[in-house]
Amino acid sequence: MENTLYKRFARYYIWAVIILGMAAGLFTIFNFDLRLLSLRLALLFVLTLSFGSRIVVRIPRVKGQISVSDTFILLTMLLFDGEAAILMAGADALCSSIRVSMKKTTTLFNTGVFILSTFVTVWVLRYFFGSILNLTQEGYTSSYIIAVCLMGFVQYIFNSGLVAVGVALKAGQPLWQMWRQNFLWTSLTYFAGASAASIIAKLVGLFGIYAIFATGPIIAVVYFTYCTYLRNVEASNSQAELAQRHAEQVQTHMEALRSSEEKFRSAFDYATIGMAIVSPEGRWLQVNRSLCEIIGYSEPELLASNFQKIAHAEDLANVQENLGHLIEGKINSFQAEQRYVHQSGREVWVHVGASVVHNTEGHTPHLIFQIQDITDRKRAEEQLLHDAFHDALTGLPNRALFMDHAKMAIHRSRRDETRIFAALFLDLDRFKVINDSLGHMVGDQLLVGIARRLETCLRPGDTVARLGGDEFTILLEDLLETEDAVEIAVRVQEIVSQPFNIGGHEVCTTASIGIAASTIGYVHADDLLRDADTAMYRAKLLGKNRHVMFDKAMHERAMKLLQIEIDLRRAVERQEFFLQYQPIISLAAGEISGFEALIRWQHPERGLIPPVEFISVAEETGLIIPIGHWVLREACQQMQEWRRQLPSERVLTMSVNLSGKQFSQPDLTEQIAAILSETGLSPSCLKLEITESMVMENIDTAIGMLTQLRALGVELAIDDFGTGYSSLSYLHRFPINTLKIDRSFVSRMLDNTENEEIVRTIVTLARSIEMNVVAEGVETASQLEQLRTLECDFGQGYLFSKPLAAADAFQLLSHPDMYQLIASRLEAQRTLAA
């Protein structure tokens, strides 16, 4: 990440130098005095670009070299002023870079560096000394010498500095380190070049520009003589270096031989794992620092004892047996995990690897131990094992550990029938309400508080576990009688029902407890837990906050439910279901406005099974989804058949109940649309009935689903209104057509004014938000009369008709006036009674 950042800054820096160099170059061109253009300047340009950058003078034992082009640029500065030197520096850098590198960015950067450094040098000289051309007209004055030194210094600082910053950023290295290693020595070349330029400038001042060409042969002879001298020096140096390397190799080899024992000793002493040389009897002969740190003893203390002293007593026999086999040659090495006793007394887990070292006579002088501290790993393994059998939230044993304890309790009880035990299955009442209202954090803290309280009311040897959610189990062992389990259950209920103060909230809850005692004669722990669970559900059905002891009858009921589940699955496959239809009557017109489709199960052995016995099982098992889909399709198909046989102006609706699982299906709308398309039934002829609790579980999701269904064109009704959650405040948000008043209000409407007022309120409320009302369970003429007085829209019940087969229901449609039919039925009943 850091290197990437440096490289990004390097790119920004390179382009900044390029742009500044271009700006300096343009500024120089704009300010260039054209009067300085001459043949002499042109010749100097050609000489610099053609030969200057190609000819270098190397300095022995120094990485740097003097470039003749640097001298020519500084000479141009002294003879033709600064602008000519800046332009020559840029041209020379451009030509040299093109010759060396094909990268455009590198070429532009080098050109920019030379232009900028020369530009700064020119303006620094002008700042301190005024006109540069005037300097050469003086003799070798102190000002001239200082100016030449300053010229070389500034050129060196800015040229090498600009390059060093770019290289340092690109390599991600400190600037000073980069400069010192690669550019500090180049200062010699700049000062030498400046000195040479100053001397040539004086010669040109005396003899003219052609003095450069006149001195050329002399310079060439000196140059080539110097190169020959350098080659001789290099050859001598190579021979000296070769001899030196040979001597160094011999010395290195001798030192390697002398230090081999020291290296082994160092590796032994400073190894990151404990190492020791041990005698066959177990005495420590040599130990390293890591071993001393692992077991807490100093080196002298260990050398005065043996490994048997620090080995754990339970592990010693096995270790000595393996060492005996090792010394006898039965095995080549062995590894083991064992415990050592630290000097402080605590246990230290170590991994020991032991092998034998033989001398040339074949004897066994000693053993080598490699000892690694694995205490942390062992603790982690123990923690993992603990986590595998304990609940992460409460720290209680989990289902796996509880079942293991239950199996052991069953095993002990089967060996000794006098040993009685029991399992308590505890489920918190209304825990979901606490979670939903106060949040899961408060719910979790409540579970932890419950766990701590349960621990306080148990005896030693009992086990309390959390199975998950708000379910806890307690295993009670060594009971004198089963009533002891009941007493403990009562104590548990009392302690759980006491209020909790969590985050400023006073939270109260109760527990429903199922008890399964060993007197049933359990063989499997799963059966014990199942029966305690069954008893707990029985406690829930009886009103919660109570305990129930499991008995055989309860088991029979559970088996009956299981058999119903099995038979239900077969019934779906064998099509044992059929529909009956109960008419819904318009109380104003006295005619049939529609039917409600009611499912029935014709069991091949048990006969007709009422919905109350199998609908809840179908809900729990998920079978309600295929069953509900079949009901929808069958009811729509039947209504379409009736519509084809009835006059077109006759409007009827078919009401179908939706289960909670059906309503929660995301593709419910698509399923219903497919059924309507398959049967050809108009969507307006289908009315779907849902309960209050279904829409109140998740209001926003429910509103979305109801809106999709209404967009499909079907009608919607809330069934058993008034018995579920209070949804009055949300009712106006639901796209509902009809409210169905529960039969419990209708049946007791004449018994007290409270129920009558409830019915009146529902009718008034529905009318205010433009909904229809259907009264369920109308069974007497008095109820009918009262409902008509309250201006209820529709009625349904045995007063009009019981649920009928399809043929009988269609025949009932032939009666235009249901009230006349009811009157004749009542008259017939009175005649029979007389």
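The structure displayed is predicted, hence computed values, not measured ones.

Buried within helix 17 (residues 431–438) we find F431, I434 and N435. Seen end-on, helix 17 carries its buried residues on one side only, within an arc spanning 100°. In helix 17, the exposed positions that point more than 90 degrees away from the buried face belong to K432, D436 and S437. Structurally, helix 17 contributes buried residues whose contacts are with strand 8 (420–429), helix 18 (440–456) and strand 12 (505–507). Among the residues trailing helix 17, G439 stands out with phi positive, at a value near 100°.

Moving on, we come to the side chain of Q662. Secondary-structure assignment places Q662 in helix 24 (residues 660–663). Looking at Q662, its side chain comes within polar contact range of the main-chain nitrogen of S659, at 3.2 Å. Leaving out residues up to four positions away in the same chain, Q662 has contacts with I624, I625, G628, H629, L632, N657 and L668.

Backbone-to-backbone hydrogen bonds pair the strands of a sheet. The strands run either parallel or antiparallel. Strands sit in the order 9-10-8-13-14 across an open sheet of 5 strands; the sheet is mixed. Among the strands making up the open sheet, the edge pair consists of strand 9 (463–468) and strand 14 (547–549). Averaged over neighbouring strand pairs, the angle between their axes works out to 20° when direction is ignored. Inspection of the sheet shows strand 8 paired to strand 13 (residues 510–517) by 8 bridges, in the antiparallel sense. Across the sheet, L428 pairs through a bridge with A511, a residue of strand 13. Strands strand 8, strand 9 and strand 10 (471–479) of the sheet are contacted by helix 18, whose axis makes an angle of about 5° with strand 10.

Let's shift gears to helix 22 (residues 611–621). Along helix 22, the positions that sit buried rather than exposed are F614, V617 and A618. Down the axis of helix 22, the smallest arc covering the buried residues is 105°, so these residues share one side. The outward face of helix 22, more than 90 degrees from its buried face, is lined by the exposed residues V612 and E620. Tucked into the core, helix 22 has its buried residues touching helix 21 (552–574), strand 15 (577–586), strand 16 (591–603), strand 17 (607–609) and helix 23 (624–645). Looking one or two places after helix 22, you find G622, whose phi comes out positive at around 85°.

Most often, soluble globular proteins keep nonpolar side chains buried together rather than apart. Of all hydrophobic cores here, the largest spans 83 residues; its most connected members are L568, F663 and F734. Considering every element that reaches this core, the biggest residue donor is helix 23, with 8 residues. In contact with L568, not counting residues within four places along its chain, are F577, W601, F614, V617, A618, L623 and I627. The next biggest cluster of nonpolar side chains, apart from the first, holds 42 residues, and it includes I18, I73, L162 and A197.

A complete count under the given rule lists 12 aromatic pairs for this structure. Following the ring pairs from residue to residue traces out a cluster consisting of F577, W601, F614 and W630. Over the face of the ring belonging to W349 we find K378, whose NZ or CZ atom lies 4.5 Å from the ring centre. Residue placement shows R453 over the ring face of F500; its charged tip is 3.5 Å from the ring centre.

Here we take up the pairing of strand 5 (residues 333–341). Bridge count for strand 5 against strand 6 (residues 347–357) is 9 bridges, and the pairing is antiparallel. Note that in strand 6 the partner of R339 across the bridge is W349.

In a structure, side chains of opposite charge can pair up when their charged atoms sit close to one another. Applying the stated criterion across every chain, the model contains 28 salt bridges. The residue D315 makes a salt bridge to R339 at a minimum N-O spacing of 3.1 Å. One end of the pair, D315, is in helix 14 (residues 313–327); the other, R339, is in strand 5, and 24 residues separate them in sequence. With respect to burial, D315 and R339 carry one shared label: buried. Where R570 meets D567, a salt bridge forms, and the shortest distance between an N and an O atom there is 4.0 Å.

A few words on the sheet that holds strand 3 (residues 274–278). Ordered by their spatial adjacency, 5 strands build an open sheet running 4-3-7-6-5, and the pairing between neighbours is antiparallel. Looking along the sheet, the strands with just one partner apiece sit at the ends: strand 4 (284–287) and strand 5. The sheet shows a mean angle of 30° between the axes of neighbouring strands, direction not considered. Against the sheet, helix 14 engages strand 5, strand 6 and strand 7 (366–373), with an angle of about 155° to strand 5. Contacting strand 5, strand 6 and strand 7, helix 15 (residues 375–388) crosses the sheet at an angle of about 130° to strand 6.

Another point: a nonpolar patch on the surface. The grouping of W15, I19 and L108 at the surface amounts to a nonpolar patch, some 300 Å² of accessible area in total. The topology assignment puts W15 in helix 1 (residues 2–31). For W15, a relative accessible area of 43% translates into the label partly exposed.

It is worth spelling out the state of the cysteines at this point. The final tally for this structure, using the stated rule, is 0 disulfides. No disulfide involves C685; its nearest neighbouring cysteine sulfur is the one of C636, lying 9.4 Å away.

Where burial is concerned, most of strand 8 is hidden: 10 out of the 10 residues are buried. Across 7 bridges, strand 8 lies against strand 10 in antiparallel orientation. Bridge pairing in strand 10 links A423 to L475.

Note on placement: D531 falls in helix 20 (residues 525–541). The class of D531 is buried, set by a relative accessible area of 2%. Among all residues touching D531, those that are not within four sequence positions of it are A516, Y522, F550 and H555.

What counts and how
- Residues numbered from 1 in each chain as written.
- Predicted model: local features only at pLDDT ≥ 70, side-chain atom pairs only at ≥ 80, totals over all residues.
- Heavy atoms only, no water.
- Buried < 20%, exposed > 50% of the residue type's maximum accessible area, 1.4 Å probe, protein only.
- Helix = DSSP H or I, 4+ residues; strand = E, 2+ residues; numbered from the N terminus.
- Arc of directions from axis to C-beta.
- Contact = heavy atoms within 4.5 Å.
- Polar contact = N/O pair within 3.5 Å; in protein donor to acceptor, adjacent residues only side chain to side chain.
- Pairing = 2+ DSSP bridges.
- Axes fitted to C-alpha atoms, helices over the stretch in contact; angles between N-to-C directions.
- Core = buried A, V, L, I, M, F, W, Y, C linked by side-chain atoms within 4.5 Å.
- Phe/Tyr/Trp six-rings, centres within 6.5 Å; stacked < 30°, edge-to-face > 60°.
- Lys NZ or Arg CZ within 6 Å of the ring centre and 35° of its normal.
- Salt bridge = Lys/Arg side-chain N within 4 Å of Asp/Glu carboxyl O.
- Patch = residues over 30% accessible without salt bridge, like charges linked within 9 Å, V, L, I, M, F, W, Y side chains within 5 Å.
- Areas by Shrake-Rupley, 256 points an atom, 1.4 Å probe, with all protein chains shown as cover.
- Disulfide = S-S within 2.5 Å.

Taken by themselves, the reported measurements are silent on function.
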